[in-house]
Amino acid sequence: MSVKRYAGIDLGQRLHQVAVVDETGQTVVRSFRIGRGRRGVEQLIEGCGVDGEDLAVSIEATGNYWNELVGALRRRGCEVYLISPKKGHDLRRFYAMHTKTDITDAEALARMPLIDRGLKPVWVAPPPTATLLRLCRLRWKYRCEIANRKRRLSMYSDLVVPGIGAVMPLRYSQSARLFLRRYLSPPRARRLGPRRLTAVLSKAAWGKFSDEKAEALWQCVENAPDLGWSCEDVLLEADVELDTLEALEGQVQRLDQRIAELYSEVDPEQRLMRLPGLGEYLSAAITAHIGDPRRFDTTKRLVSYAGLDPRVKHTAGQSKPGQVLSKSGSPFLRAWAYMGASNARRLDPHLKSYYDRLRSRGKHYNTALCATAARLLERCHEMLSN
């Protein structure tokens, strides 16, 4: 049955604003608000005045509130579109340049399917795939937070003991963490003495703490400036940072276990594991993000979905090459493909040849790596499609 009415929903934390237009873009129902949860879906269907099969709903993909609406509306037979916030903002400014209200936002969203004929209904992932994607995203955020914590701790330790980064490059080995917890304060390390300090760190490193490294570390301790800070406060700050860091690492280990279980359920063959450079986490994350590969007509569609396609600038019958990436797609998929390409260019002979060829033509490191990431995504799509 043909769609007769189009609803746009401007999401809110407590209430959602709804606007309804017909096939000509004219408002047919006065804008109204709905609550959240099941009652909100009932209010939406009742307020629009049509059955689910005759309703198309456009929702701006902001926050996570759209999750509670998409599944319920799809089960009622509605067509559901997730609109990019940038698209919704631009169309709202076209209709009402100097007005910004929830009603104008909802009306712009309602008219989006009438204007953007290439818009496709949202794809709803099965529960295991959706859960796998959420956990992979959470793990990625934790890994980024761990990297930030390590960076701050490195700057702090180099401030207290200059040159320690060159002596202990494996800053987060057992011996390095022991030093940061107990002896980062130079006065305390000096009281312990070089011999006892070397013995303690060597025991923590299972005997792999060399005499050369111990001598270089002791020179850094003796050369450390007098900042006038309390020893207890210096060690407390380092201890708190390390506690937080290790707690995050523990959560990542828990997520890795569940991600491995879900990945074996979503893709029992674990096909992307056959591609060099991905590994278990990146294979699981990319598989969950792609979901059903049939929703992408071609491999280029997937590359565009990741935002790894260059922008198009064509005017007066001429195209201008060398455009920057669109970056209009998923930042998670783009980051995972970039990381996978960084590994694959060393392990996969074909991708290595492709990367080296771009570098020999004078392409920047990031440009060549992004192009390699796009090539890697094309391989992922082919592997999952077959």
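Cut-offs and rules
Residues numbered from 1 in each chain as written. Predicted model: local features only at pLDDT ≥ 70, side-chain atom pairs only at ≥ 80, totals over all residues. Heavy atoms only, no water. Helix = DSSP H or I, 4+ residues; strand = E, 2+ residues; numbered from the N terminus. Buried < 20%, exposed > 50% of the residue type's maximum accessible area, 1.4 Å probe, protein only. Lys, Arg positive; Asp, Glu negative; His and termini not counted. Charge placed at Lys NZ, Arg CZ, Asp CG, Glu CD. Phe/Tyr/Trp six-rings, centres within 6.5 Å; stacked < 30°, edge-to-face > 60°. Lys NZ or Arg CZ within 6 Å of the ring centre and 35° of its normal. Pairing = 2+ DSSP bridges. Axes fitted to C-alpha atoms, helices over the stretch in contact; angles between N-to-C directions. Parallel < 35°, antiparallel > 145°, perpendicular 65-115°, else oblique. Left-handed = near helix turned anticlockwise from the far one by under 90°. Contact = heavy atoms within 4.5 Å.

Draft legend 1. Geometry of the overall build of the protein. Along the protein, the regular secondary structure elements total 16 helices and seven strands. Put simply, the protein has 386 residues, and 44% of those count as buried. Across the protein, the mean location of the 62 positive side-chain charges is 3 Å away from that of the 44 negative side-chain charges.

Draft legend 2. Structural view of unusual backbone geometry. Of note, Trp-206 is a non-glycine position whose phi angle comes to about 55°, a positive value. Along the chain, the position of Trp-206 falls in the loop between α9 (194-204) and α10 (211-223). Residue Trp-206 is classed as exposed on the basis of its relative accessible area, which comes to 77%. Of note, Gln-270 is a non-glycine position whose phi angle comes to about 50°, a positive value. One can find Gln-270 in the loop between α11 (231-266) and α12 (279-290).

Draft legend 3. Highlighting the packing of aromatic side chains. Applying the stated criterion across every chain yields a total of five aromatic pairs. Between Tyr-156 and Trp-229, the ring centres sit 6.5 Å apart and the planes meet at 10°, which makes this aromatic pair stacked. Of this pair, Tyr-156 sits in helix α5 (residues 127-160) while Trp-229 sits in the loop between α10 and α11, placing them 73 residues apart in sequence. You can call Trp-229 partly exposed: its relative accessible area is 44%. Here Phe-332 and Trp-336 contribute two aromatic rings whose centre-to-centre distance is 5.9 Å and whose plane-to-plane angle is 45°, an arrangement assigned as tilted. Of this pair, Phe-332 and Trp-336 both sit in helix α14 (residues 331-347), separated by four residues, roughly a single helical turn. Both residues of the pair, Phe-332 and Trp-336, belong to the buried class. Between the NZ or CZ atom of Arg-295 and the centre of the ring of Tyr-305, over which it lies, the distance is 5.4 Å. The positively charged end of Arg-375 is found above the aromatic ring belonging to Tyr-354, 3.9 Å away from the centroid.

Draft legend 4. A look at the sheet that holds strand β3 (residues 27-34). Ordered by their spatial adjacency, five strands build an open sheet running β3-β2-β1-β4-β5, and the pairing between neighbours is mixed. Because the sheet does not close on itself, it has two edges, and the strands there are β3 and β5 (79-83). Strand-to-strand twist in this sheet, taken as the mean axis angle between neighbours without regard to direction, amounts to 20°. Across five bridges, the pairing between strand β1 (residues 5-10) and strand β4 (residues 55-60) is parallel.

Draft legend 5. Fine view of the packing of α11 against α12. Their axes nearest at 10 Å, the elements α11 and α12 cross at an angle of 55°. Our classification of the angle between α11 and α12 gives oblique. Two packed elements cross with a definite hand, and for α11 against α12 that hand is left-handed. Listed contacts from α12 to Ile-259, Ala-260, Tyr-263 and Val-266 of α11 are Glu-280, Tyr-281, Ser-283, Ala-284 and Thr-287.

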